[in-house]
Amino acid sequence: MHDSFIFHELGEERNDYFNAIAPPIIQTSNFAFNNFDDFQKAFHDPYNNLFYSRGNNPTLAILRKKLAALDGAEDCLLFGSGIAAISTPILALLKSGDHIVSVARPYGWVQRLFDVMLPRFGITTTYIDGTDVDHYRAALQPNTRLLYMESPNTFSFELQDIQAVARLAREHGAYSMIDNSYCTPLLQKPIALGVDLSAQSATKYISGHGDVLAGVVSGRKELIQRIYLSEHLIIGAGISPFSAWLLLRGLRTLPLRLKQVCETTKTIVEYLHGHSAVDRVLFPWGIQFTQQPLAELQMKDAGGLLSFTLLDNSLDKIKIFANALKRFKLSFSWGGYESLAIPYSISLKEEFNPANKHHGLIRLYVGLEDSKYLQEDLEQALAAVQKA
Ligand SMILES: *Cc1c(COP(=O)(O)O)cnc(C)c1O
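**Q** So what exactly am I meant to see when it comes to the overall build of the chain here?
**A** When helices and strands are counted, the chain shows 14 helices and 12 strands. Scaling as 2.2 N^0.38, a compact globule of 388 residues should have a C-alpha radius of gyration of about 21 Å, and the chain matches this with 22 Å. Looking at the chain residue by residue over its 388 residues, the buried ones come to 55%. A sequence separation of at least 24 residues applies to 72% of the contacts in the chain between residues at least 6 apart. Working note: accessible area of the chain is about 17500 Å², and carbon and sulfur atoms make up 55% of it. With 36 positive and 40 negative side-chain charges, the chain shows a spacing of 2 Å between the two charge centroids.

Given below as structure tokens:
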């Protein structure tokens, strides 16, 4: 299926709504039935029928068709946030006594799910360095039911061999799941590599405008239906028709935005590599990236997020840099128009340790501004660091 067909036509039944070019926002909580039999049928099959917007809704249905097709999956579910699109399926598929093997340092709230919430229900997690599939293999226990990936990681950008981890999970009778937020299905297709569930924070690139929280998880119909009928409807962490509509609007320009973001990011990576105040630059693409062959095997491109450290790696200098930025905004999240910066050190509970390879990282999100405009901001902020 051509991507342009997905963005433009798939799921859009324009004859049903006055041939409107833009899809409708069906802002309703419930749907009425013409007779007893239809009502009864819907009640007993809430996956395939329209009756209540905590489950199905026509605006959501358009978006689901498009996002599932982009993922190359049979179906997907929409959530009110990316973290709900990760936590809800895990709660649906695991039970007390199960064990997870997860890549080290997943997204912070996923780590909280594994460390704080799931242990209350008797589910334990082992973290491993995911750059080698053998580390996953070595951590397997008879009760391991989930192999969890985030590739690339969104601060230090390590990759996992997605196909190898998915195969290992299958051999072991466990599920495989990935957080694909960095790439989106445009740049990486985990379902085609054999992963059971591919999740992403749609708050980032799918929205693309920093104005909606949402998440999506894709997979086989049998799995998606199971998640839908249990935790999705029970926890009720679904998405509103208006948010779904904003995502439909964002999707139309996703390929263009992503292309621009990838292009501009590379100019910023190159600029930082050549700067005398900069030490390491971390970016999951190009000849400097240690996992380049794997990146080229499973990703189409990379962009948006990159991290770097200052040559003078101290908390004082990181603060000077952060406070000098004007065009890069100090903020969480990413994927919208605005370029953003976040020093890893804002999250530290312990003392800053320059020898720790994560503490000094400053992450940039390169948005849609002109690359020269962004370079000028970095130039003056790095000059401030060197002058201090
Ligand atoms: C933002 C993010 C999430 C969570 O998404 P929300 O929409 O904020 O809930 C999960 N994983 C990664 C990698 C993220 O960047």
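**Q** Explanation requested: the pairing of strand S5 (residues 175–179) in the structure shown.
**A** Working note: regular strand, side chains alternate between the two faces of the sheet. Where burial is concerned, most of S5 is hidden: five out of the five residues are buried. Here S5 shows no split at all, with Tyr175, Met177 and Asp179 on one side and Ser176 and Ile178 on the other all buried. By the bridge criterion, five bridges tie strand S4 (residues 144–150) to S5 in an arrangement that is parallel. Among the inter-strand pairings, Glu150 is bridged to a residue of S5, identified as Asp179. Taken together, S4, helix H7 (residues 162–172) and S5 constitute a β-α-β crossover, and its handedness is right-handed. Note that S5 and strand S6 (residues 197–201) share three bridges and pair parallel. Across the sheet, Ile178 pairs through a bridge with Ser198, a residue of S6.

**Q** Help me out: how do you make sense of the environment of Ala32 in this one?
**A** Mapped onto the fold, Ala32 is located in the loop between helix H1 (3–8) and helix H2 (36–44). By relative accessible area, which is 76% here, Ala32 ends up exposed.

Here is what the cut-offs are and how they apply
The numbers attached to residues start from 1 for each chain and follow its sequence in the written order. pLDDT decides what is reported in this predicted model: residues at 70 or higher carry local features, side-chain atom pairs at 80 or more are listed and counted, and totals for whole chains, interfaces and linings draw on all residues regardless. As a rule here, side-chain values cover all heavy atoms of the structure and leave hydrogens and water aside. Helix and strand assignments come from DSSP, with helices taken as H or I runs of at least 4 residues and strands as E runs of at least 2, each series counted from the N terminus. The globule rule used for comparison is 2.2 Å times the number of residues to the exponent 0.38, while the radius of gyration itself is calculated over C-alpha atoms. A simple rule labels every residue: compare its accessible area, found with a 1.4 Å probe on the protein chains alone, to the largest value its type can have, and call it buried under 20%, exposed over 50%, or partly exposed in between. In what follows, residue pairs with any heavy atoms lying within 4.5 Å of each other are defined as contacts. Values of accessible area rely on a 1.4 Å probe in the Shrake-Rupley scheme; residue burial ignores everything except the protein chains shown. For the purpose of counting charges, residues Lys and Arg are taken to be positive, whereas Asp and Glu are taken to be negative. His and the chain ends are not included. Working definition for charges: the position is that of NZ of Lys, CZ of Arg, CG of Asp or CD of Glu. A pair of strands is treated as paired once DSSP finds two or more bridges between them. Orient the strands so they point away from the viewer; a crossover is then right-handed if the path from the first strand over the helix to the second runs clockwise.

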